[in-house]
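This is what each chain is made of:
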Amino acid sequence: FEAALRESEKLAAVGRLASSIAHEINNPLESVMNLLYLAQQTDDPAEVRRYLQSADGELKRVSLITSQSLRFYKQSTRPTAIDPEEMLDSVSSMYAGLMENSNVLLRRRYRTERTIVCLESEIRQVLNNLVRNAIDAMRVRGGTLVLRSREAVEWRTGARGVAFTVADTGSGMSAETIRSIYTAFFTTKGIGGTGLGLWISSEIVGRHKGRLLVRSSQRDGRRGTVFVLWLPFEAGVVGRE
Ligand code: ADP
């Protein structure tokens with residue numbers, strides 16, 4: 001019975017995702033159809049180019065949404081042992097250029113000795129989202145990104161594992177924003193965001209029986225956000241065939 005319940009919860013989650021995606025890509029697709037119609041109605045080449053450029057922008061947005069939301073559903077890998085520090089370094093190295101351009105300083109405090117067993121590509125995606133968001137929050141004034149790893153016990157169950165910390169000195173979030181960050185398509189970045197990063201991240205962390213905690217402040221002097229990702233040493237990852 002429990003297995004059936006889990007299965008139906010999984011299906012419900014997939015159904016919610018599918019209907020949100022359908023809703024979200026329907027608007028840009030309708031715009032594209034209108035723009036193509038308008039392009040066919042005019043003989044002015046400059047105008048045609050403008051319509052096509054707008055259509056191109058809308059399609060790029062559709063592509064961003066589908067790739068972000070569906071990518072990780074395809075990567076059905078088996079859990080492997082990974083080194084938390086190597087993982088953090090490899091994720092942050094992808095943003096070295098962006099950090100330099102945004103005046104973001106990187107500080108690392110690594111204190112783990114053991115590996116953890118997880119779905120590497122998925123956990124990489126979670127850390128990727130956290131790091132990317134942290135840098136985004138510091139784009140305007142620069143700041144410091146702190147990456148930490150340490151061995152830690154989960155406070156409710158006492159399970160042993162690793163806590164990753166991604167902390168920034170960026171914009172911080174209002175209480176209202178914090179309440180919505182795990183909701184699909186919630187974004188404060190306008191056209192530049194999809195609002196899928198943290199929603200997907202929380203889903204991935206849940207399947208790893210991990211935890212994702214956030215603390216954020218907008219008060220001067222202590223402005224910024226801290227995300228803590230806790231994962232057990234051995235995640236009994238719930239599959240999704
Ligand atoms: P996206 O990055 O596409 O907006 P996410 O789900 O990753 O989608 O994030 C949702 C929202 O959470 C962001 O738009 C932003 O408002 C807020 N957010 C997440 N991380 C941070 C952070 N480190 N600092 C400030 N705001 C953040």
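Residues numbered from 1 in each chain as written. Predicted model: local features only at pLDDT ≥ 70, side-chain atom pairs only at ≥ 80, totals over all residues.

As annotated in an unreviewed UniProt entry, the chain is histidine kinase from Granulicella aggregans.

> What am I meant to see in the overall build of the chain here?
Counting its secondary structure elements, the chain contains seven helices and seven strands. Counting from the amino terminus, the chain carries its helices and strands in the arrangement α-α-β-α-α-β-β-α-β-β-α-α-β-β. Of all 241 residues assigned to the chain, the portion counted as buried reaches 26%. Within the chain, counting contacts between residues at least 6 apart in sequence, those at least 24 apart form 74% of the total. (Helix = DSSP H or I, 4+ residues; strand = E, 2+ residues; numbered from the N terminus. Buried ≥ 20, exposed ≤ 12 C-beta atoms within 10 Å, placed from the backbone. Contact = placed C-beta atoms within 7 Å.)

> What am I meant to see in the packing of helix H5 (residues 120–137) against helix H7 (residues 197–207) here?
In helix packing, the relevant descriptors are the interaxial angle and the interaxial distance, both defined with respect to the helix axes. The contact between H5 and H7 brings their axes to 9 Å, and the two run at 145°. Seen from above, H5 lies across H7 with left-handed handedness. The segment H5 lies against H7, with Glu122, Gln125, Val126, Asn129 and Asn133 engaging Gly197, Leu198, Ser201, Ile204 and Val205. (Axes fitted to C-alpha atoms, helices over the stretch in contact; angles between N-to-C directions. Left-handed = near helix turned anticlockwise from the far one by under 90°.)

> It is not clear to me how the sheet that holds strand S7 (residues 224–232) should be interpreted in this structure. Could you clarify?
The pairing of strands in a sheet happens through backbone hydrogen bonds and is either parallel or antiparallel. Strand order in the open sheet formed by five strands is S2-S4-S5-S7-S6, with mixed pairing between adjacent strands. Both edges of this open sheet fall to strand S2 (104–111) and strand S6 (211–217), since each of them pairs with a single strand only. Adjacent strand axes in the sheet meet at a mean angle of 15° when their direction is disregarded. In terms of strand pairing, S2 meets strand S4 (residues 143–153) through eight bridges, oriented parallel. Paired with Val104 across the two strands is Gly143, which belongs to S4. (Pairing = 2+ DSSP bridges.)

> Teacher, can you tell me more about the nonpolar core here?
Here is a general trend for soluble globular proteins: nonpolar side chains tend to be buried in one another's company. Grouped together as the largest cluster of nonpolar side chains are 37 residues, with contacts concentrated most on Leu127, Leu130, Ala134, Val166, Leu229 and Leu231. Those elements giving two or more residues to this core turn out to be helix H3 (84–93), strand S3 (116–118), H5, S4, strand S5 (160–168), H7 and S7. Top contributing element to this core by residue count: H5, with eight residues. If near-sequence neighbours (up to four positions away) are discounted, Val166 is found in contact with Leu130, Val131, Ala134, Leu147 and Phe227. (Core = buried A, V, L, I, M, F, W, Y, C linked by C-beta atoms within 7 Å.)

> How do you make sense of the pairing of S7 when you look at a structure like this?
Walk down a regular strand and you will see the side chains alternate between the two sheet faces. Pairing of S5 with S7, which is carried by eight bridges, proceeds in the antiparallel orientation. Its bridge partner lying in S7, Thr165 is registered against Val228. By the bridge criterion, seven bridges tie S6 to S7 in an arrangement that is antiparallel. The residue bridging Ser216 from the neighbouring strand is Thr225, located in S7.

> It is not clear to me how the environment of Met87 should be interpreted in this structure. Could you clarify?
Along the polypeptide, Met87 turns up in helix H3. On the neighbour-count criterion, Met87 (20 C-beta atoms within 10 Å) is buried. On a C-alpha basis, the gap between Met87 and Leu127 in space is 8.6 Å, while along the polypeptide they are 40 residues apart. Setting aside anything within four residues of it in sequence, one finds Met87 in contact with Ile82, Ile123, Arg124 and Leu127.

> Would you explain the packing of H3 against H5 in this entry?
Interaxial distance between H3 and H5 falls to 10 Å at its minimum, and their mutual angle equals 50°. By the angle class used here, H3 and H5 are oblique. The way H3 lies across H5 gives a crossing that is right-handed. Along its contact with H3, which presents Met87, Leu88, Val91 and Ser92, the element H5 presents Ile123, Arg124, Leu127, Asn128 and Val131. Looking at the contact of H3 with H5 residue by residue, the classes come out as six nonpolar, two polar and one charged. (Parallel < 35°, antiparallel > 145°, perpendicular 65-115°, else oblique. Nonpolar A, V, L, I, M, F, W, Y, C, P; charged D, E, K, R; others polar.)

> What's the story with the site of the ligand in this structure? I'm lost.
Of all residues adjacent to the ligand, which total 22 residues, the nearest are Asn133, Ala137, Thr187, Gly193 and Gly197. Among the secondary structure elements, those contributing two or more residues to the shell around the ligand are H5 and H7. Residue contributions to the shell around the ligand peak at four residues, all from H5. Residue composition of the shell around the ligand, by class: eight nonpolar, 12 polar and two charged. (Near = placed C-beta within 6 Å.)

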